[in-house]
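Summary of structural features
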Amino acid sequence: MHIVLIDDDYISIFLTTKLLQRENITDSITSFQLPQEAVYYLQNTLPDQVPDVILLDLNMPIMSGWDFLDAIKPFESQLAGRCSIYILTSSLAPSDKLKAEEYSLVTSVIPKPLDGPKLQAIRAQVLENRS
Amino acid sequence: MSESAQFVNSEQRFRSLFENNLDIILFQDRNGVILDVNEPFLQLLHLSRADVLGRDISDFLPPELIAVFREKLLQAFQGTRVQFDVAVQFIGAEPKVLNISKVPLLVDGVVSGVHMVARDITDLTASHQLIEQQAKKLNTIFESVTDAVFLLDREWRLTFLNSEVERLLQVDRQHVLGRNLWTLFPDEVGGEFYHQYHQAFSMGRAVHFEAYYATLRLWLEVKAFPSEEGLSVYFSDVTLRHEAQASQEKLAQDLHRQNQDLQQFTYIVSHNLRGPLANAMGLSQLLTTPDPDQATLLNHLQTSLVQLDVVLQDMNTILTVRDKQDVADLPAPVRLTDVLDLVLKEMNEPLQKAGGQIVRDFPEALHAHGNRAYIYSIFLNLLSNSIKYRSQQRALLITITGSPHPEGGAQLTFADNGSGFDQEKAGAEVFKLYKRFHTSPSGRGMGLYLVKAHIESMGGTIAVKSEVEVGTQFFLYLP
């Protein structure tokens with residue numbers, strides 16, 4: 001399973017990576033502190049390689065999580081059904097959850113901190129979608 | 001026709017004029033004795049000709065008027081024509097007001113007698129009095145209404161004003177009556193009052209408006225009604241109401257700002273406070289089981305807790321500024337060069353390290369009114385931003401200019417040639433708390449928020465203009 005992490009907070013990236021390894025979910029992790037770089041990465045790897053999961057932070061300077069979702073709209077058809085995007089945010093605002101529903105690529109919004117059970121749930125969901 | 005016939009004719013004409021005249025006519029000698037009289041006099045006194053002829057006019061006069069009539073008669077006998085008005089009640093007659101002419105009859109250069117012609121002006125006088133009474137009543141009404149009232153003729157001359165006008169506009173009736181409104185109030189020519197009154201005149205239609213009379217700092221509510229004669233203007237002082245409205249608007253603005261702050265506070269709690277907190281929670285959860293990276297985990301945990309503390313300290317700083325905002329500290333004059341000197345001294349080392357240069361165009365005497373510590377913080381934040389976000393492509397150049405603002409206080413510009421930001425994207429967000437527009441090196445998104453809060457708490461303003469890889473300019477106004 002290939003997972004892309006997008007979060008400007010390096011501790012958050014460290015934490016998520018650590019959890020993914022501990023829960024034996026995957027070692028194939030590509031992380032970006034700059035969402036722009038993640039967009040560039042997708043531009044260059046699609047459609048040959050499609051990440052199974054993107055874990056996306058919302059609150060980032062210059063390009064927010066929402067901006068990222070807008071930026072990858074052109075690849076929506078290549079991602080749909082093959083890549084699940086989870087918004088990983090410290091935000092507790094219900095408005096973020098509502099807004100996420102406007103994006104069909106977003107599977108769900110997961111409040112930080114991420115933990116073992118949450119990751120296992122994500123894995124189960126991804127595997128179920130695939131079968 | 002013979003000469004004698006002509007004479008008879010003229011004699012007849014005179015008699016006819018004498019007898020049939022509606023005015024009273026008497027012919028008197030030097031002593032006041034009535035030698036001839038016409039019908040109207042006899043009718044007035046209810047007497048016959050025989051009762052009157054050969055008698056002194058004094059016999060028919062009330063005692064207090066005898067002297068006057070005698071004096072006037074004597075004047076006439078001196079050859080001048082005399083005229084006077086008198087209210088008289090002849091004995092046995094109705095009271096009358098008479099306009100009396102005494103006309104001397106000259107025969108061979110000698111006054112041989114005097115014709116007294118008395119015209120009854122009783123009704124005329126009564127109506128004059130009525131008019132006068134009504135004018136007085138009108139005046140009383142105009143004086144008793146609480147509105148200020150003045151009337152203008154069609155040449156803009158003041159024909160009437162009540163004492164409320166004198167009080168409100170601080171004018172003296174004696175000095176302004178009859179004068180042109182626009183020579184009395186030259187500052188108002190072309191202003192709101194001028195336009196409204198002209199409109200009332202030209203459209204022939206009443207106007208109702210509120211306008212500010214700057215000379216006396218009064219808000220006036222005005223109604224003006226055009227008429228054939230000119231314009232009647234009623235107005236009252238509504239300054240208090242306007243002030244109340246203004247304070248209500250300010251209250252609404254404050255409320256709006258507080259509400260925005262609250263929203264921003266929610267945002268801070270959900271992102272900036274909860275971010276490091278969530279990390280700390282996640283890390284501590286990982287630490288419950290042994291991990292080869294334990295040291296790193298602990299290290300990150302500590303960093304997260306420090307971040308948490310920084311956010312809490314930031315919030316404390318912000319709330320302190322907000323709290324102080326409404327405290328009516330008397331703003332002290334601050335010499336801006338002094339503060340800038342301090343800041344430049346403080347920033348000298350980082351500036352040298354960055355290879356930056358400062359150009360300063362700042363009058364020594366430039367002052368602003370406010371909190372010295374705030375001004376220090378504003379300058380420091382702007383300069384450290386310029387250093388932090390300098391361009392890697394060229395040597396940093398910061399230009400600081402200042403000049404007195406036309407309405408007092410100072411206007412300042414902090415301009416750099418740094419990396420700038422995309423203004424279209426950032427828009428009004430630049431001054432918001434924890435909004436960042438650069439990825440590195442890390443800023444907390446606190447500086448500009450504080451700058452704006454400090455400036456606004458002193459009653460100043462700040463605006464920004466920026467272009468990517470060209471630079472950023474901040475325009476400040478300090479009162």
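Scroll up for the structure.
Cut-offs used in this document
- Residues numbered from 1 in each chain as written.
- Chains lettered and ligands numbered in written order.
- Predicted model: local features only at pLDDT ≥ 70, side-chain atom pairs only at ≥ 80, totals over all residues.
- Heavy atoms only, no water.
- Helix = DSSP H or I, 4+ residues; strand = E, 2+ residues; numbered from the N terminus.
- Rg over C-alpha atoms; globule rule 2.2 N^0.38 Å.
- Axes fitted to C-alpha atoms, helices over the stretch in contact; angles between N-to-C directions.
- Parallel < 35°, antiparallel > 145°, perpendicular 65-115°, else oblique.
- Left-handed = near helix turned anticlockwise from the far one by under 90°.
- Contact = heavy atoms within 4.5 Å.
- Nonpolar A, V, L, I, M, F, W, Y, C, P; charged D, E, K, R; others polar.
- Pairing = 2+ DSSP bridges.

Check the secondary structure of chain A and you find 6 helices and 5 strands. Each helix and strand of chain A, placed in order from N terminus to C terminus, yields the pattern β-α-β-α-β-α-α-β-α-β-α. Over its C-alpha atoms chain A spans a radius of gyration of 13 Å, differing by no more than 12% from the 14 Å that the globule rule assigns to 131 residues. Its C-alpha atoms put chain A at 35 × 35 × 25 Å along the principal axes.

With that out of the way, let us pick up the packing of helix α12 (residues 336–354) of chain B against helix α13 (residues 372–388) of chain B. All names here are of chain B. The interhelical angle for the contact between α12 and α13, taken along N-to-C directions, is 25 degrees, at an axis separation of 9 Å. Taken as axis vectors, α12 and α13 run roughly parallel relative to one another. Read as a crossing pair, α12 and α13 show a hand that is right-handed. Residue-level contacts link Leu336, Asp338, Val339, Leu340, Leu342, Val343, Leu344, Glu346, Met347, Pro350, Leu351 and Ala354 of α12 to Arg372, Ile375, Tyr376, Phe379, Leu380, Leu383, Ser384 and Ile387 of α13. Counted by class, the contact of α12 with α13 contains 16 nonpolar, 1 polar and 3 charged residues.

Glancing now at the sheet that holds strand β5 (residues 106–111) of chain A. All names here are of chain A. Pairing within the open sheet is parallel, and its 5 strands lie in the order β2-β1-β3-β4-β5. Each end of this open sheet is capped by a strand with a single partner; those strands are β2 (28–32) and β5. With strand direction ignored, the average angle separating the axes of adjacent strands in the sheet is 20 degrees. Sheet analysis places strand β3 (residues 53–56) next to strand β4 (residues 84–89), joined by 4 bridges and oriented parallel. Paired with Leu56 across the bridge in β4 is Ile87. On top of the sheet, helix α6 (residues 116–130) reaches β3, β4 and β5; it is set at about 165 degrees to β4, its chief contact.

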